[in-house]
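Topology and contacts: notes
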Amino acid sequence: MIAVLLWLSVSNASAQGLKDALGESFLVGAALSVEQTTGHDSLVTATITQHFNCIVAENCMKPEALQPQEGQFKWRKADRFVKFGEEHGMTVIGHVLVWHAQTPDWFFKDSVGNTASKELLTQRMRTHIHTVVGRYKGRIKGWDVVNEAFEDDGSYRQSQWYQILGPEYIELAYRFAHEADPAAELYYNDFSMSVPAKREAVCRLVRQLKEKGLRVDAIGMQSHNGLTWPSNEDYEASIEAYAALGCQVMITELDMNVLPNPESFSGAEVSLSFDYSEKMDPYKNGLPADVEQRINERWIEFFDLYKRHSHQISRVTLWGVSDAQSWMNDWPITGRTAYPLLFDRHYQPKPVVDDIMKLFKK
């Protein structure tokens, strides 16, 4: 099997990839794990470089990875990620500067363990953003500045950033990011972006930031989609609403959840966790033909929409490369067998990849 896969990677090295067929419409990206940027696996590297012209860090640029203790920055993995992109001529995207998750608790505590003051948290935010963005100034095209600031009902997420600084924390983040690299693009990123209440809240936020002279270049629609959600109508309405603000639209975390959802589950909140059961893991031995057909149809539905709105969309990024390393194998239930991406567990393109490429060649 290994020999066959290595032969396939070599024989496909000069073949056209997604970036060749779709690249005139928008950047074609993937979120990469730390292991995928080492270059140690030639098959992995060949798949990434054949099909993608843009990369985003899956985890190694999040606050807990870069600054686990105050003032102690860990650069090795992030540096390697950026270097991988540069060596392969790819556009590099930074993810993420301010988020309620995967941010160390010390950010929000003072020296004796009490809640940090507004002044202290503001100073820590400024230091983190200036240090991180400043290190990669001129090397990273744009940053997810703030991630997931709203609940699905349009209310502000009651994160520690919000509880201590109020909604002004968002404005501060964009000011500090622009100070650190005036040429870098600045993005807002969130999930459930087709939900009307959240759409309205994000549009209102971006208008307010722009009225204050702040830079918001693009709105990222995390697209952890499913076979029945979101509706194509709501999804398309959001693309049009965000573009109407004068922003680029970016499809930032695209994958397809085909597994059953736990009761009361919705959105893409990373902290959600449910107990494993056999009935919630129905495809351990592969997908039935009818399910695979519906997945393929859904992929084409979305990429047809992206093609029609390519004048408004600047990037489409898959949240991972291979089914084997997708977060959906362990979220929101650990240990399941998921099929959320366009490349199988051996990093081979699924048949629908050819269909997507043909769609854009028409």
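In the block above lies the structure referred to throughout.
These lines cover the structure that appears in this document, whether it is placed above or below.

About the cut-offs
Residues numbered from 1 in each chain as written. Predicted model: local features only at pLDDT ≥ 70, side-chain atom pairs only at ≥ 80, totals over all residues. Heavy atoms only, no water. Salt bridge = Lys/Arg side-chain N within 4 Å of Asp/Glu carboxyl O. Buried < 20%, exposed > 50% of the residue type's maximum accessible area, 1.4 Å probe, protein only. Helix = DSSP H or I, 4+ residues; strand = E, 2+ residues; numbered from the N terminus. Polar contact = N/O pair within 3.5 Å; in protein donor to acceptor, adjacent residues only side chain to side chain. Contact = heavy atoms within 4.5 Å. Phe/Tyr/Trp six-rings, centres within 6.5 Å; stacked < 30°, edge-to-face > 60°. Lys NZ or Arg CZ within 6 Å of the ring centre and 35° of its normal.

**Describing the pattern of salt bridges**
Throughout the structure, instances matching the rule amount to 21 salt bridges. For R215, the salt bridge identified is with D217, shortest N-O distance 2.6 Å. On the basis of relative accessibility, which here comes to 17%, the residue D217 falls in the buried class. Ionic pairing is found between D323 and R345, a salt bridge with its closest N-O pair at 4.0 Å. With D323 in the loop between β9 (313–318) and α12 (351–361) and R345 in the loop between β9 and α12, this residue pair connects regions lying 22 residues apart in the sequence. Assessed through its relative accessible area of 2%, D323 is described here as buried. Each of R294, E297, R298 and E301 takes part in one network of salt bridges that share partners.

**So, unusual backbone geometry**
For the peptide bond that leads from H95 to V96, omega is 10°, which places it in the cis range. Structurally, V96 is set in strand β3 (residues 91–99). The omega torsion across W229 and P230 is -5°, close enough to zero to call that bond cis. Of note, P230 is situated in the loop between β7 (224–226) and α10 (232–243). Backbone geometry places E148, a non-glycine residue, at a positive phi of 60°. Tracing the chain through its elements places E148 in the loop between β4 (142–147) and α7 (160–165). Given a relative accessible area of 4%, E148 falls into the buried group. The phi dihedral of Y347 is positive, around 65°, even though this residue is not glycine. Exposure remark for Y347: the relative accessible area of 12% places this residue in the buried category.

**Overview of the side chain of K350**
Counting through the fold element by element, K350 comes out in the loop between β9 and α12. Overall, the relative accessible area of 19% leaves K350 in the buried class. For K350, the side chain forms a polar contact with the side chain of D323, separated by 2.8 Å. For K350, the contacting residues outside a window of four places in its chain are D323, Y339, L341, L342, F343 and D344.

**Let's talk about the packing of aromatic side chains**
Tallied over the full model, the rule gives 19 aromatic pairs. Ring geometry for F150 versus Y188: centroids 6.3 Å apart, planes at 65°, classification edge-to-face. In this pair, F150 sits in the loop between β4 and α7 while Y188 sits in strand β5 (residues 185–190), placing the two residues 38 residues apart along the sequence. By relative accessible area, Y188 is classed as buried at 0%. Three or more aromatic residues joined by ring pairs form one cluster here, namely F26, Y235, W299, F302, F303, Y306 and F360. Its guanidinium or amino end placed over the ring of Y339, R345 lies 5.3 Å from that ring's centre, counting from NZ or CZ.

**Digging into the environment of I140**
Turning to its location among the elements, I140 is positioned in the loop between α6 (118–135) and β4. For the pair I140 and F84, spaced 56 residues apart in sequence, the C-alpha separation works out to 12 Å. What I140 contacts, discounting residues up to four positions off in sequence, is M61, V82, V92, I93, G94, D181 and A184.

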